[in-house]
Amino acid sequence: MVRHRTEGGTAWITLDRPHAMNALTWDHREHLIALLDGFSADPGVRAVVLTATGRGFCAGADLKGGGGGGERVPGDVARTIRRGAQRLVSAVLDCEKPVVAAVNGTAAGIGSHLALACDLVIASDRAKFTEVFVRRGLVPDGGGAYLLPRLVGPQKAKELMFFGDSLPAAEAERMGLVNRVVPADELEKTAREWADRLASGPTRALALTKRLVNDSLDGGRSGAFEAEAQAQEINMTTADAAEGVTAFVERRAPHYRGR
């Protein structure tokens, strides 16, 4: 089950299958993708928090949760990955609002990649991250081989993926996978504080900044510089940009409206 609510400009998405460690079925993935796409276009949503209930954040794909019967033909697996795990990770990366992961417990497989695709990651001191694929004789999917080298470099990414060892939250923070580790009873409070700051910020500027940073990892300097110039050109047409400059001149705190 995937629950969601919007409070004060922040959309909260909660994975709520604690009995299954919040493993994702196809239906859950489609729901998450639809929510994230909808939040991009919703002016009432200015930040997103993704979290879960129980001991696990997400144990990965629910291998018991469907996938269809019948004979498998060449191309079926690749098609399933493209339509499922890859679309989910892309939905997080492409969401026009900043997405904060509040990782309450174990994040394994696609569950780990779902968290690491978020713009900011806050983890409970009980959280663990596991590249579980090698334990099943599988290749990492859901963008893992794309995300991890960009976060920790190729050597560490290979170590995590080759051995599949569980990575405690504190070690994940030290490696740069996590922004902050907090006691379990402070996770929601910290996520709310960060989301409130993001939701009161210049929403379009944050969206453009997110795009610039994400795209910079795949291109060269000239392309990044041109994208930066175009993003600033677009941003300067927003009401929030005008408010930010005016507030600076008037020596007061800006009041952004997400417009």
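Residues numbered from 1 in each chain as written. Predicted model: local features only at pLDDT ≥ 70, side-chain atom pairs only at ≥ 80, totals over all residues. Heavy atoms only, no water.

1. Remarks on empty space enclosed by the protein
Stated precisely, the cut-off is as follows: Think of a 1 Å grid over the protein atoms and nothing else: a 1.4 Å probe that fits but is trapped marks a cavity, an open set flanked by protein within 12 Å on at least five of seven lines marks a pocket, and residues with an atom within 4 Å of a point count as lining. Grid points are joined across faces, edges and corners, and a volume is the space filled by probe spheres set on the points. Runs of H or I in DSSP of at least four residues are treated as helices and runs of E of at least two as strands, each being numbered from the N terminus. In this classification, Asp, Glu, Lys and Arg are treated as charged, Ala, Val, Leu, Ile, Met, Phe, Trp, Tyr, Cys and Pro as nonpolar, and every other residue, Gly included, as polar.
Under the definition given, this model contains one cavity of 30 Å³ or more. The computed volume of the largest cavity comes to approximately 40 Å³. If you trace the largest cavity, you find it lined by S112, L116, F129, T130, E131, L148, L160, L167 and L177. Looking at the lining of the largest cavity, the elements with two or more residues in it are helix 4 (110-116) and strand 8 (128-130). Taken together, the residues of the lining of the largest cavity break down into six nonpolar, two polar and one charged.

2. Brief notes about the packing of aromatic side chains
Going by this rule: Between 30 and 60 degrees the pair is tilted, below 30 it is stacked and above 60 it is edge-to-face, where a pair is any two Phe, Tyr or Trp rings, Trp via its six-membered ring, whose centres lie within 6.5 Å. The criterion for a charge sitting over a ring is simple: Lys NZ or Arg CZ within 6 Å of the ring centre, and within 35 degrees of the ring normal.
Following the criterion strictly, the structure yields zero aromatic pairs and no others. In this structure, R150 is placed above the aromatic ring of Y146, and the distance from its NZ or CZ to the ring centre is 3.8 Å.

3. Brief notes about the nonpolar core
For the record, the criterion: Put simply, buried Ala, Val, Leu, Ile, Met, Phe, Trp, Tyr and Cys residues joined by side-chain atoms within 4.5 Å make one nonpolar core. Throughout this description, buried means an accessible area under 20% of the type-specific maximum (1.4 Å probe, protein chains only), exposed means over 50%, and partly exposed covers the range between. Note on contacts: a residue pair qualifies if any of its non-hydrogen atoms lie within 4.5 Å across the two residues.
Within the largest apolar cluster, 48 residues are counted, with the highest numbers of intra-cluster contacts made by I13, F57, V103, F129 and L177. In this structure F129 touches V103, A107, S112, A115, L116, V121, A123, D165, S166, L167, A172 and V178, once residues within four positions along its chain are discounted. Listed in part, the 13 residues of the second largest apolar core include A47, V100, L187 and W194.

4. Describing the pairing of strand 5 (residues 99-103)
For clarity, the threshold we go by: Should DSSP find at least two bridges between two strands, the strands are taken to pair.
Where burial is concerned, most of strand 5 is hidden: five out of the five residues are buried. Of the two faces of strand 5, the one carrying V99, A101 and V103 and the one carrying V100 and A102 are both buried. Two strands pair when backbone bridges link them, and strand 3 (residues 47-52) and strand 5 are joined in this way by three bridges, in the parallel orientation. Residue pairing for strand 5: V49 is matched across the bridge by V100. Sheet analysis places strand 5 next to strand 7 (residues 120-124), joined by four bridges and oriented parallel. The residue bridging V103 from the neighbouring strand is A123, located in strand 7.

5. A closer look at the layout of surface pockets
Vacant regions in the atomic arrangement are exposed by a probe of water-molecule size rolled over the atoms. In this structure, the second largest pocket occupies an estimated 650 Å³ of space. Considering the residues around the second largest pocket, the lining is formed by 27 residues, among which A117, C118, D119, V213 and N214 are closest to the centre. If you list the elements that add at least two residues to the lining of the second largest pocket, you get helix 3 (85-94), strand 7, helix 5 (144-152) and helix 9 (203-216). Ranked by the residues each element gives to the lining of the second largest pocket, the list is headed by helix 9, at seven residues. Of the residues contributing to the lining of the second largest pocket, the split by class is 16 nonpolar, four polar and seven charged.

6. Digging into the packing of helix 1 (residues 26-41) against helix 3
Condition: To obtain an axis, a line is fitted to C-alpha atoms, over the contacting stretch when the element is a helix, and the angle between two such axes runs from 0 to 180 degrees between their N-to-C directions. Roughly parallel here means an angle under 35 degrees, roughly antiparallel means over 145, roughly perpendicular means 65 to 115, and every remaining angle is called oblique. When the near helix sits turned anticlockwise from the far one by under a right angle, the crossing is termed left-handed; a clockwise turn instead gives a right-handed crossing.
At a closest axis distance of 9 Å, the pairing of helix 1 and helix 3 adopts a crossing angle of 20 degrees. Viewed along their axes, helix 1 and helix 3 adopt a mutual orientation that is roughly parallel. Between helix 1 and helix 3 the crossing geometry is left-handed. For the pair helix 1 and helix 3, contact is made by R29, E30, L32, I33, L36 and S40 and by A85, R87, L88, A91, V92 and D94, respectively. Its residues assigned to classes, the contact of helix 1 with helix 3 comprises seven nonpolar, one polar and four charged.

Nothing here speaks to function; it is all geometry.
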